[in-house]
Amino acid sequence: MQYIEVINLQLSTTEDNVRYTNSPVKSSNHLLYNEMEITHRTDKSLLTTLLHTLIRPFAPLLTNPGKPLPAGSPQLHPPSSFRKRCHIAERKVDDVYIYDITPKTPHPDLTKSSNSTKTKSTKKLHRIYYIAGGSFCQPPSSSHWSFLAELIHKIPNAVITLLSPPLAPSCPAPTTYPHLLTLYNSLLGTPTPGADASPSSNDATDETITIAGDSSGASLALSLTLTALSKNPTTRAPNNLLLISPVLDLTFSNPSLPSLEKRDPVLRLRIERQTAISWAGDWALDDPRLSPIYHADDDGVRVLRDKGVKVWGVTGGWDILTPDAVGWRERCRGEGVEGGWLEWEGQMHCFPVACGFGLRESGEGVGWIGRRLGGEE
């Protein structure tokens, strides 16, 4: 395959960009197909290698669902270290707690433009609705708060709006999903300014919208968007989707998963299948609302293309969820969906979220996301 040939040519580089457009064009270091950029990395630091080795034996403990939470949207309590770097404002929409996050230190781009006509008061607000992963049953971890604090400082004039959906097993998908679909329509229909947003941003047309998440949160971000757009063609589509190590198939039936599980430092199929059943309730695991990969006839891909939604994604080569994500990414590329993906060989599930541990690859992953969402492709 031409794609593999290009990657092989670039194994010795630090960061390899492969950009695709409809007409194949060869150059010294990339092919062009569908305006879908693939950034391929193969380097791996000693610290990351050591961490993977140390945590692999404890993987079942790291991903154990823990004690079930009460029904309803959990109220979140960010650590003091997060509050030192970020402003955070709590509110409730449709009985779901949401948290608007802005940086205490302005982005350098805003500081540079303070003496120009394009200041923060006139620049379009970028609102990022974020759903944290946790196997559909856990609230954001300390790693999520560190990641969000880092990310909000990477994107100029942005507000990260963190959602706290009801969680399984107290609130499985048949209960939570319709609730979140109502929330989607409420938020994208009448956005509310964040903690540091300008009053003029109360009109949906005044905001750039990204719907984002990691792991199970990425699954919800994608599924809710596809369902909302499919049910009502007039529903507002986000400008971007950001999917970090998304869960796209709750059947976990991809034949490559058992062999990849031997390398995965974090995830175990037995536990993932248990949590999937807990979340599904009486819905089938291959229901497209649970497993977005099963949207029929690529309708779920085409609606993103037709609505002009850019899809940005991150995958780690040692993550058991990566084969499904790469397969779905290639469907997007084949249908002409724009955006880009960072695929990093030898990395674990949701590796950018681990930036708080000082891992080089995690920090560079956050940087990649910030540049793409900030328009610095």
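Calculation rules
- Residues numbered from 1 in each chain as written.
- Predicted model: local features only at pLDDT ≥ 70, side-chain atom pairs only at ≥ 80, totals over all residues.
- Heavy atoms only, no water.
- Helix = DSSP H or I, 4+ residues; strand = E, 2+ residues; numbered from the N terminus.
- Buried < 20%, exposed > 50% of the residue type's maximum accessible area, 1.4 Å probe, protein only.
- Contact = heavy atoms within 4.5 Å.
- Areas by Shrake-Rupley, 256 points an atom, 1.4 Å probe, with all protein chains shown as cover.
- Pairing = 2+ DSSP bridges.
- Right-handed = clockwise from strand over helix to strand, strands pointing away.
- Salt bridge = Lys/Arg side-chain N within 4 Å of Asp/Glu carboxyl O.
- Core = buried A, V, L, I, M, F, W, Y, C linked by side-chain atoms within 4.5 Å.
- pLDDT = per-residue confidence, 0-100.
- Expected span 1.5 Å × (residues − 1).
- Phe/Tyr/Trp six-rings, centres within 6.5 Å; stacked < 30°, edge-to-face > 60°.
- Lys NZ or Arg CZ within 6 Å of the ring centre and 35° of its normal.
- Axes fitted to C-alpha atoms, helices over the stretch in contact; angles between N-to-C directions.
- Parallel < 35°, antiparallel > 145°, perpendicular 65-115°, else oblique.
- Left-handed = near helix turned anticlockwise from the far one by under 90°.
- Nonpolar A, V, L, I, M, F, W, Y, C, P; charged D, E, K, R; others polar.

Colleague: Help me understand the overall build of the protein in this model?
Modeller: Of regular secondary structure, the protein possesses 13 helices and 10 strands. The buried share of the protein, taken over its 377 residues, is 55%. Sequence separation of at least 24 residues holds for 76% of the intrachain contacts in the protein that already meet a minimum separation of 6. Total accessible area computed for the protein in this model is approximately 15,600 Å², and 54% of it derives from carbon and sulfur atoms.

Colleague: How should I be thinking about unusual backbone geometry in this particular structure?
Modeller: A cis amide bond links alanine 168 to the next residue, proline 169, at an omega of 0 degrees. Assignment of secondary structure puts proline 169 in the loop between β6 (158–164) and α7 (173–189). The phi angle at aspartate 95 is positive, at roughly 65 degrees, despite the residue not being glycine. For aspartate 95, a relative accessible area of 56% translates into the label exposed. At serine 135, a residue that is not glycine, the phi angle is positive and equals roughly 55 degrees. Summarising the element assignment, serine 135 is placed in the loop between β5 (125–131) and α6 (142–152).

Colleague: Would you explain the environment of leucine 183 in this entry?
Modeller: Locating leucine 183 in the fold gives a position in helix α7. Among the residues examined, leucine 183 registers a relative accessible area of 2% and is labelled buried. Each C-alpha atom of the pair leucine 183 and valine 96 lies 8.0 Å from the other, and the pair is 87 residues apart in sequence.

Colleague: Just checking my understanding: could you explain the pairing of strand β8 (residues 240–244) for this structure?
Modeller: Within a regular strand, the side chains alternate between the two sheet faces. The buried fraction of β8 amounts to 5 of the 5 residues, a majority that puts the element mostly inside the structure. Side-chain alternation along β8 places Asn240, Leu242 and Ile244 on one buried face and Leu241 and Leu243 on a second face that is also buried. The sheet contact formed by strand β7 (residues 207–214) and β8 spans 5 bridges and is parallel. In the strand pairing of β8, alanine 212 is matched with leucine 242. What joins β7 to β8 is helix α8 (residues 216–231), and the crossover it makes is right-handed.

Colleague: Would you mind showing me how to read the pattern of salt bridges here?
Modeller: Any two side chains of opposite charge can pair, on the condition that their charged atoms come close. According to the stated counting rule, one finds 18 salt bridges in the structure shown. With a closest N to O distance of 2.9 Å, arginine 41 and aspartate 43 form a salt bridge. This pair shows no difference in class: arginine 41 is buried, exactly as aspartate 43 is. A salt bridge links arginine 305 to aspartate 306; its shortest N-O distance comes to 3.0 Å. For arginine 305, a relative accessible area of 33% gives the class partly exposed. Classification of aspartate 306 as exposed rests on a relative accessible area of 58%.

Colleague: Looking at this structure, how should I read the nonpolar core?
Modeller: The biggest cluster of nonpolar side chains holds 98 residues, and the ones touching the most others in it are Ile101, Tyr130, Phe147, Leu162, Leu304, Trp328 and Ile369. Non-local contacts of isoleucine 101, meaning those with residues more than four positions away in its chain, are made with Phe82, Cys86, His87, Ile88, Trp145, Leu148, Ile152, Ala158, Val159, Ile160 and Leu162.

Colleague: In this structure, what is going on with the side chain of serine 135? I would like to understand it.
Modeller: Here serine 135 falls in the buried class, since its relative accessible area comes to 13%. Ignoring sequence-local partners within four residues, the contact set of serine 135 consists of Ser216, Glu272 and Thr275.

Colleague: Help me out: how do you make sense of the confidence of the model for the protein in this one?
Modeller: Should the pLDDT be low somewhere, the predicted coordinates at that spot are not to be read in detail. In the predicted model, the protein carries a mean pLDDT of 85, and the fraction of residues at 70 or more is 82%. Confidence drops under pLDDT 50 across residues 117–121; counting only partners more than four residues distant or on other chains, this segment forms 8 contacts. The low-confidence segment residues 190–203, where pLDDT is below 50, has 27 contacts with residues more than four positions distant or belonging to other chains.

Colleague: How do you make sense of helix α10 (residues 269–280) when you look at a structure like this?
Modeller: Think of an α-helix as 3.6 residues a turn; residues three or four steps apart then line up on the same face. Compared with the 16 Å implied by 1.5 Å per residue over 12 residues, the 16 Å span of α10 between its first and last C-alpha is a close match. Looking at the buried positions of α10, the neighbouring elements they touch are α3 (59–62), α7, α8 and α9 (257–261). Just beyond α10, the residue with positive phi is glycine 281, at close to 60 degrees.

Colleague: It is not clear to me how the packing of aromatic side chains should be interpreted in this structure. Could you clarify?
Modeller: The description of an aromatic ring pair uses the distance of the two centres, along with the angle that the planes make with each other. Applying the stated criterion across every chain, the model contains 8 aromatic pairs. Note on tyrosine 97 and tyrosine 99: the rings are 6.4 Å apart at their centroids and 25 degrees apart in plane angle, and the pair reads as stacked. Here lysine 92 stacks its cationic end above the ring of tyrosine 97, 4.5 Å away from the centre of that ring.

Colleague: Just to check I follow, could you spell out the environment of isoleucine 211 for this structure?
Modeller: Mapped onto the fold, isoleucine 211 is located in strand β7. Among all residues touching isoleucine 211, those that are not within four sequence positions of it are Tyr129, Tyr184, Leu188, Ala221, Thr225, Pro238, Asn240, Leu241 and Leu242.

Colleague: So what exactly am I meant to see when it comes to the packing of α6 against helix α13 (residues 360–373) here?
Modeller: Helix-helix packing is described using two parameters, namely the angle between the two axes and the distance between the axes. Contact geometry of α6 with α13 gives a least axis separation of 9 Å together with a crossing angle of 45 degrees. Taken together, the axis directions place α6 and α13 in an arrangement best described as oblique. The crossing of α6 and α13 is right-handed. Contacts between α6 and α13 involve Phe147, Glu150 and Leu151 from the former and Val366, Ile369 and Gly370 from the latter.

Colleague: Help me understand the packing of α8 against helix α11 (residues 299–307), please; the structure alone is not making it clear to me.
Modeller: The geometry of α8 relative to α11 is characterised by a closest axis approach of 10 Å and an angle of 75 degrees between their N-to-C directions. On the basis of their axis angle, the class for α8 and α11 is roughly perpendicular. Contacts from Leu222, Thr225, Leu226 and Leu229 in α8 reach Gly300, Val303, Leu304 and Lys307 in α11. Across the contact of α8 with α11, the residue classes break down as 5 nonpolar, 2 polar and 1 charged.

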